[in-house]
Amino acid sequence: MIPMSSPDIGDREVDLVSFVIRSGVLASGSGGPMLRRFERMIEDFVGAKHAIGVSSGTAGLHLALLAAGIRPGDEVITTPFSFIASTNCILYAAALPIFVDIHPTTFNIDSSLIEDAITPRTKAILPVHIFHQPCNMDTILAIAKEHSLAVIEDACEALGATYKNSQAGTLGDLGVYAFYPNKIITTGEGGMIVTDNDDYAALLRSLRNQGRDDSGTWLSHVRLGYNYRMDEMSAAIGLAQMEQLETLLAKREQVARWYTEKLGELSSITLPWTAQSTTRNSWWVYVIRLHPSVNRRRVTESLSDLGIPTRPYFPPIHLQPYMLERFAYRSGMFPVTERVGASTLALPFSSIMSKQQVEFVCANLEEVLQ
Ligand SMILES: *Cc1c(COP(=O)(O)O)cnc(C)c1O
């Protein structure tokens, strides 16, 4: 049985977590010493002025929207081809997600459709760097500037990916990374917000810590806050992971290369496509597209019988049951998202996958497709 994804954890993670547990400082309201070290490593790596650790990528997106001043009734432009959290965070802020369809080869927001979606109530654009590939940020930032919109990057799948040599997550007003065990690096549960804006950073540190102010007075709450803190054990894992980020990214790239070498010949699939503006892919997943004539469910089931898991990343968000109940969405509204969502197949992928495992997956996929 090959796992769908795996964290890449070693002795250094174990040592740092043991150190935290023995130290007795397991969590801290204003940010413990391990969290500060982890945040500094992210700041240095991506080149952001501030990194604010939080309890998940989802929590980070929620707080990023609040820091950007998103209020009930505001509209936020995003895509329905994503993991559910990039839309849910907008609903948490009682704002309205306004979907724009995706580009058929990058699966990212189609920037040529954004301006048509802007109304007087639009306050922000939330581009998702899907599967590790940065969005067309030059166009998105130009539109945002012209219409005075905030840009919040969902970089949860894209730590280490670069757009024209700039780090994904650092191009907009705020960016968010996620550290669930299937992401580029892990902390168990966890996330990180990055921004160059001092006011946002101060507000985010208060919002994650029950709305306490900078003075650190324990029972004084100056605003409605949340408990979205990252604990010290998680931060210790994250610090150890950051120390080897370059190695992790290189290993992921190698696994992707093995897949591309093995699958290049198959005519009934399309391989991941890298845009010219993508100067580095972080390779969160390896997602192929099946030819429309291929029955995806049959492929998934046949591979599953052979111990090879796959995932249909991603079913369109606007067609999820709770979205259909709440909004007047129907199929056909976002045709590219729906077409892509019906034909993608994520193959098992991680930095610890061996060449033999990749070859096993590819040989069986080829057979199933015949
Ligand atoms: C994983 C992910 C998130 C949420 O991260 P969690 O840490 O699981 O809350 C948000 N957006 C995208 C695109 C993701 O892939």
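Just above, that's the structure.
Keep in mind that this is a model prediction, so the values were computed, not measured. (Residues numbered from 1 in each chain as written. Predicted model: local features only at pLDDT ≥ 70, side-chain atom pairs only at ≥ 80, totals over all residues. Heavy atoms only, no water.)

Visitor: Which parts of the structure should I look at to understand the side chain of Thr-79?
Guide: Relative to the elements of secondary structure, Thr-79 occurs in the loop between β2 (75-78) and α4 (85-92). A relative accessible area of 4% places Thr-79 in the buried class. Those residues in contact with Thr-79 that sit more than four places away from it in its chain are Thr-87, Phe-99, Val-100, Ile-102, Ile-109 and Ile-317. (Helix = DSSP H or I, 4+ residues; strand = E, 2+ residues; numbered from the N terminus. Buried < 20%, exposed > 50% of the residue type's maximum accessible area, 1.4 Å probe, protein only. Contact = heavy atoms within 4.5 Å.)

Visitor: Explain the nonpolar core here, please?
Guide: For soluble globular proteins, the rule of thumb is that nonpolar side chains tend to be buried together. Membership of the largest hydrophobic core comes to 76 residues, with the highest contact counts inside it found for Phe-38, Ile-42, Phe-131, Leu-159, Phe-179 and Ile-193. With 7 residues, helix α3 (residues 57-67) is the single largest residue contributor to this core. Ignoring sequence-local partners within four residues, the contact set of Phe-38 consists of Phe-179, Ile-185, Thr-187, Met-192, Met-230, Ala-235, Gly-238, Leu-239 and Met-242. Ranked by size, the runner-up nonpolar core spans 26 residues in total, among them Leu-266, Ile-288, Leu-347 and Phe-349. (Core = buried A, V, L, I, M, F, W, Y, C linked by side-chain atoms within 4.5 Å.)

Visitor: Would you mind showing me how to read the packing of aromatic side chains here?
Guide: To describe a pair of aromatic rings, one takes the distance between the centres and the angle between the planes. A complete count under the given rule lists 19 aromatic pairs for this structure. Geometrically, the ring pair formed by Phe-107 and Phe-131 is edge-to-face, given 6.1 Å between the ring centres and 85° between the ring planes. Here Phe-131 lies in the loop between β4 (122-125) and α6 (137-146) and Phe-107 lies in the loop between β3 (96-99) and α5 (114-117), a separation of 24 residues in the sequence. Grouping residues by exposure puts Phe-107 and Phe-131 together as buried. Pairing Phe-131 with Phe-314 gives two aromatic rings, centres 5.7 Å apart and planes at 25°, and the pair type is stacked. Residue Phe-131 is found in the loop between β4 and α6, and its partner Phe-314 is found in the loop between α10 (296-305) and α11 (321-326); the two are separated by 183 residues along the sequence. In terms of burial, Phe-131 and Phe-314 fall into one category: buried. Counting every residue linked through ring pairs, the aromatic cluster contains Phe-81, Phe-83, Phe-107, Phe-131, Trp-284, Tyr-313 and Phe-314. Positioned above the aromatic ring of Phe-83, the side-chain terminus of Lys-183 is 5.8 Å from the ring centre. (Phe/Tyr/Trp six-rings, centres within 6.5 Å; stacked < 30°, edge-to-face > 60°. Lys NZ or Arg CZ within 6 Å of the ring centre and 35° of its normal.)

Visitor: What's the story with unusual backbone geometry in this structure? I'm lost.
Guide: Glycine aside, a negative phi is what most residues show, and trans is what most peptide bonds show. In this structure, the amide linkage connecting Tyr-313 to the following residue, Phe-314, adopts the cis form with an omega of -10°. For Phe-131, which is not a glycine, the phi torsion comes out positive at approximately 55°. Positive phi values are uncommon outside glycine, yet His-132 reaches one of about 100°. The topology assignment puts His-132 in the loop between β4 and α6. His-132 sits in the buried class, given a relative accessible area of 5%.

Visitor: Even after reading the chapter, I still don't get the site of the ligand, so can you show me in this structure?
Guide: The local shell around the ligand holds 14 residues, among which Gly-57, Thr-58, Asp-154, Glu-157 and Lys-183 are the closest. One nitrogen or oxygen atom from the main chain of Gly-57 is found 2.8 Å from an oxygen atom belonging to the ligand. Contact distances for the ligand include 2.7 Å between an oxygen atom and a side-chain N or O atom of Lys-183. Taking 380 Å² as the accessible area of the ligand by itself, protein coverage stands at 93%. (Near = heavy atom within 4 Å. Polar contact = N/O pair within 3.5 Å; in protein donor to acceptor, adjacent residues only side chain to side chain. Areas by Shrake-Rupley, 256 points an atom, 1.4 Å probe, with all protein chains shown as cover.)

Visitor: What should I look at first to understand the packing of helix α2 (residues 33-46) against helix α8 (residues 232-243) in this one?
Guide: Working note: a packed helix pair is described by the angle between its axes plus the distance between those axes. Relative to each other, α2 and α8 sit at 35°, their axes nearing to 8 Å. Judged by the sense of rotation from one axis to the other, the crossing of α2 with α8 is left-handed. Contacts from Pro-33, Met-34, Leu-35, Arg-37, Phe-38, Met-41, Ile-42 and Phe-45 of α2 reach α8 at Glu-232, Ala-235, Ala-236, Gly-238, Leu-239, Met-242 and Glu-243. Of the residues contributing to the contact of α2 with α8, the split by class is 11 nonpolar, 1 polar and 3 charged. (Axes fitted to C-alpha atoms, helices over the stretch in contact; angles between N-to-C directions. Left-handed = near helix turned anticlockwise from the far one by under 90°. Nonpolar A, V, L, I, M, F, W, Y, C, P; charged D, E, K, R; others polar.)

Visitor: I keep staring at α2 and nothing clicks. Help me out?
Guide: Residues lying three or four places apart along an α-helix face the same way, a consequence of the helix completing one turn every 3.6 residues. Here α2 spans 20 Å end to end across 14 residues, near enough to the 20 Å set by a 1.5 Å rise per residue. Gly-47 sits one or two positions beyond α2 and adopts a positive phi of about 80°. (Expected span 1.5 Å × (residues − 1).)

Visitor: Help me out: how do you make sense of helix α9 (residues 245-263) in this one?
Guide: If you check α9, its first and last C-alpha atoms are 27 Å apart, about what 19 residues at 1.5 Å a residue would give, namely 27 Å. Buried residues of α9: Leu-245, Leu-248, Leu-249, Arg-252, Val-255, Ala-256, Trp-258, Tyr-259 and Leu-263, and no others.

Visitor: Sorry if this is basic, but what is going on with the sheet that holds β4 here?
Guide: Whether parallel or antiparallel, the strands of a sheet pair through hydrogen bonds between backbone atoms. Pairing is mixed in the open sheet, where 7 strands are placed in the order β1-β9-β8-β5-β4-β2-β3. Whereas interior strands pair on both sides, the edge strands pair on one side only; in this sheet they are β1 (50-54) and β3. Neighbour-to-neighbour, the strand axes of the sheet open up by a mean angle of 25°, direction not taken into account. For β1 and strand β9 (residues 191-195), the ladder comprises 5 bridges, and the chain directions are antiparallel. When the sheet's bridge partners are listed, His-50 is paired in β9 with Thr-195. On top of the sheet, α2 reaches β1, β8 (174-178) and β9; it is set at about 135° to β1, its chief contact. Along the sheet face, α3 touches β1, β2, β5 (150-154), β8 and β9 and points at about 170° away from the line of β8. (Pairing = 2+ DSSP bridges.)

Visitor: Explain the state of the cysteines here, please?
Guide: As used in these notes, a disulfide is a covalent bond between sulfur atoms, one from each of two cysteines. Counted according to the given criterion, the structure contains 0 disulfides. For Cys-156, which is in no disulfide, the shortest distance to another cysteine sulfur is to Cys-89 and amounts to 8.8 Å. (Disulfide = S-S within 2.5 Å.)

Visitor: Would you explain the sheet that holds strand β6 (residues 162-163) in this entry?
Guide: With antiparallel pairing, the 3 strands of this open sheet are ordered in space as β7-β6-β11. Of all the strands in the sheet, the pair left with one neighbour each is β7 (166-167) and β11 (278-280). Relative to β11, β6 runs antiparallel, the two being bridged by 2 bridges. Note on β11: the bridge partner recorded for Thr-162 is Arg-280.

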